[in-house]
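# Examination of the molecular architecture
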Amino acid sequence: MEAERLKQLWEQILTAIVQRSKRSKFVTWFKNTALLRLDGTTAIIGAPNPFTHETLVREYRDITQEEVRKLLPEVEKIEFVVDGSLHAKDSRIVNVDKIGEEHKRKTDTAREVTLVEGLSTKVLNPDYTLDNFVIGPDNQLAHAAAVAVARKPGHAYNPLFVYGGVGLGKTHLLQAVGNEILKKNSKKKIIYVTSERFTNEVITAIRSRKNEQLRETYRQVDLLIIDDIQFLEHKEQTQVEFFHTFNTLYEAKKQIIISSDRPPQDLDSLEPRLRSRFEWGMMVDIGFPDFETRVAILQTKCQQKGIFISQDVLSFIASNVTESVRELEGVLHQATGLYELRHITPTIKTVAPMLQKLHPGKPLIGISNQQPGRNANGAQNIESLVKNVADYYKLFVEDLLGENRRADISLARQVAMFLAKKHLGLTYQAIGAYFSGRNHTTVMHACEKVATEMEKNQTLKRDTNALLHEMGVL
Ligand code: ADP
Ligand code: MG
């Protein structure tokens, strides 16, 4: 079946699937997937990487199979396979962002927070959802409590008190509860404030003698989210105001969610009666995610951004970020920048300097000192260049120099020839001689082929750029 037809079929199937799924999840998991071919009674569906593949098999196999069979009665089963060459610009790819726009309006809306009159409130960030919060042993309880609160606000755990260090996902989780509640009922009045902001409001109210009015406003709220409560320490008046607000909402069974960098008992300069209020509900801590969870967070964020970074690079980043998820995201953001803006595939060598900058002087895990980052030893002769290319493609130098015509080996060999010409400026004859005495026309052909192919094939372009980058050229 020709490519265009497969693409149309896949688009129809996706349009059916989106109706049965949460759209944000659908977009995450079906991005860069394709109906690759129909093999007798089996439909083969490609996923761009192993992580997506795993999730599709686990969560979407049944509905995908049902929808495929509705459309193609001859198909008996579906099979998901990993096809690393699938990427956004690929002609086989259907743009999932356009699918189910209608549906989106129905399910993922509610971004508009009903503002309580007279109150400045920050609108919730729609990117923070309970679904895209990656769960691991160190945040599982906090996530479960957030889900319970979103399901039955004001009932399950009131207040919900989430505490933990900087950049571990507290704000994400707090806002996610708000987003979830709004999704179910966009009329709910939600206030998200940081305690600094709350303090400022209290100060303004006091100055203009409008304390009563401020209390009145807060009383209308269904859900009050107050982030980073530790900043209320030493602010006695604000604490008093908050105490009253808290009591009013609590008695009216309105949900309160609080975050802090410490557990309540360690908030030494907070009024004891306030501290004890916090202990009435549910207290959960959020810790720094373990290695596997960090990798999963990176994978999820790559999915959301629609870029593919190989597993070994993600593991390398996850091994070397040991402070906060925010740091993890920072490195990923830089790696994405390489990929999107400079068309360079992130590799261990290209991301190493980013990680090194976070912790200068600290040895990196997963890269030997003999394998320094870029610029340290730019391949200046053909021997080191061929070694770099072989390493990059996880092949042996002998493969590249030898006669093996396997597709991946030929490609790596041609790339090495191309770079030797472009980067080292060697003659076709010299390059041919190095590659086991090949004819200069073979080398010429290889160089031309890589150059034209790079225009069409983004992956090849990024890989070649990554090699140049590793050599300190780009
Ligand atoms: P905190 O408020 O604890 O300082 P944030 O909620 O601002 O931390 O989190 C920092 C960043 O890390 C955010 O972009 C958030 O989306 C991300 N993040 C933290 N934990 C997770 C997680 N478990 N899954 C997905 N993203 C996370
Ligand atoms: Mg925060």
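Structure: above.
Keep in mind that this is a model prediction, so the values were computed, not measured.

This part covers the packing of helix α5 (residues 140-151) against helix α6 (residues 170-184). In the contact formed by α5 and α6, the axes pass within 9 Å of each other and the chain directions differ by 25°. Between α5 and α6, the interaxial angle falls into the category roughly parallel. Judged by the twist between their axes, the crossing of α5 over α6 is right-handed. Mapping the contact onto sequence places Ala142, His143, Ala146, Val149, Ala150 and Arg151 in α5 and Leu173, Val177, Glu180, Ile181 and Lys184 in α6. Looking at the contact of α5 with α6 residue by residue, the class counts come to seven nonpolar, one polar and three charged.

Moving on, we come to helix α8 (residues 211-219). Taken together, the buried positions of α8 are occupied by Leu214, Thr217 and Tyr218. Projection of α8 onto a plane perpendicular to its axis shows the buried side chains occupying an angular sector of 95°, all on one side. In this structure, the buried residues of α8 make contact with β5 (190-194), α7 (195-207), β6 (223-227) and α9 (236-251).

Below, the discussion takes up the layout of surface pockets. Reported here for the second largest pocket is a volume of approximately 940 Å³. Taken together, 35 residues line the second largest pocket, and the ones lying closest to its centre are Thr345, Tyr392, Tyr393, Thr459 and Asp463. Listed by contribution, the elements that provide at least two residues to the lining of the second largest pocket are α12 (311-320), α14 (348-358), α15 (382-392), α17 (407-422), α19 (440-456) and α20 (458-470). Per-class residue counts for the lining of the second largest pocket are 14 nonpolar, eleven polar and ten charged.

In the neighbourhood of ligand 1, 18 residues make up the surrounding shell, with Gly167, Thr171, His172, Arg326 and Glu329 lying closest. A distance of 3.0 Å is found between an oxygen atom of ligand 1 and a backbone nitrogen or oxygen belonging to Gly169. Lys301 has a polar side-chain atom sitting 3.0 Å from a nitrogen atom of ligand 1. Here ligand 1 loses 94% of its free accessible area of 560 Å² to cover by the protein chains. Tallied by class, the residues present in the shell around ligand 1 amount to seven nonpolar, seven polar and four charged.

This part is about the environment of Glu66. Mapping Glu66 onto the fold places it in helix α3 (residues 50-71). Accessibility expressed as a relative area gives 41% for Glu66, which makes it partly exposed. In this structure the C-alpha to C-alpha distance between Glu66 and Asp463, which are 397 residues apart in sequence, comes to 38 Å.

We now examine empty space enclosed by the protein. Scanning the model with the defined rule gives one cavity of 30 Å³ or more in all. Its boundaries defined by the atoms lining it, the largest cavity holds a volume of some 70 Å³. Along its surface, the largest cavity is lined by Ser319, Asn320, Thr322, Leu355, Gln356, His359, Lys362, Pro363, Leu364 and Ile365. Classifying every residue of the lining of the largest cavity by side-chain character gives four nonpolar, five polar and one charged.

This next bit is on the sheet that holds strand β2 (residues 42-47). Taken in spatial order, the three strands of this open sheet run β1-β2-β3, and their pairing is mixed. Of all strands in the sheet, those with a lone pairing partner are β1 (34-39) and β3 (77-82), marking the two edges. Sheet twist, expressed as the mean angle between neighbouring strand axes with direction ignored, is 25°. Pairing of β2 with β3, which is carried by six bridges, proceeds in the parallel orientation. Bridge pairing in β3 places Ile44 opposite Glu79. Strands in contact with helix α1 (residues 3-19) are β1 and β2; relative to β1, the strand with the most contacts, it is inclined by about 115°. Against the sheet, α3 makes contact with β2 and β3, and its axis sits at roughly 160° relative to β3, the strand it touches most.

Conventions and cut-offs
- Residues numbered from 1 in each chain as written.
- Chains lettered and ligands numbered in written order.
- Predicted model: local features only at pLDDT ≥ 70, side-chain atom pairs only at ≥ 80, totals over all residues.
- Heavy atoms only, no water.
- Axes fitted to C-alpha atoms, helices over the stretch in contact; angles between N-to-C directions.
- Helix = DSSP H or I, 4+ residues; strand = E, 2+ residues; numbered from the N terminus.
- Parallel < 35°, antiparallel > 145°, perpendicular 65-115°, else oblique.
- Left-handed = near helix turned anticlockwise from the far one by under 90°.
- Contact = heavy atoms within 4.5 Å.
- Nonpolar A, V, L, I, M, F, W, Y, C, P; charged D, E, K, R; others polar.
- Buried < 20%, exposed > 50% of the residue type's maximum accessible area, 1.4 Å probe, protein only.
- Arc of directions from axis to C-beta.
- 1 Å grid on protein atoms, 1.4 Å probe; cavity = no way out; pocket = protein on both sides within 12 Å on 5 of 7 lines; lining within 4 Å.
- Points joined across faces, edges and corners; volume = space filled by probe spheres on them.
- Near = heavy atom within 4 Å.
- Polar contact = N/O pair within 3.5 Å; in protein donor to acceptor, adjacent residues only side chain to side chain.
- Areas by Shrake-Rupley, 256 points an atom, 1.4 Å probe, with all protein chains shown as cover.
- Pairing = 2+ DSSP bridges.

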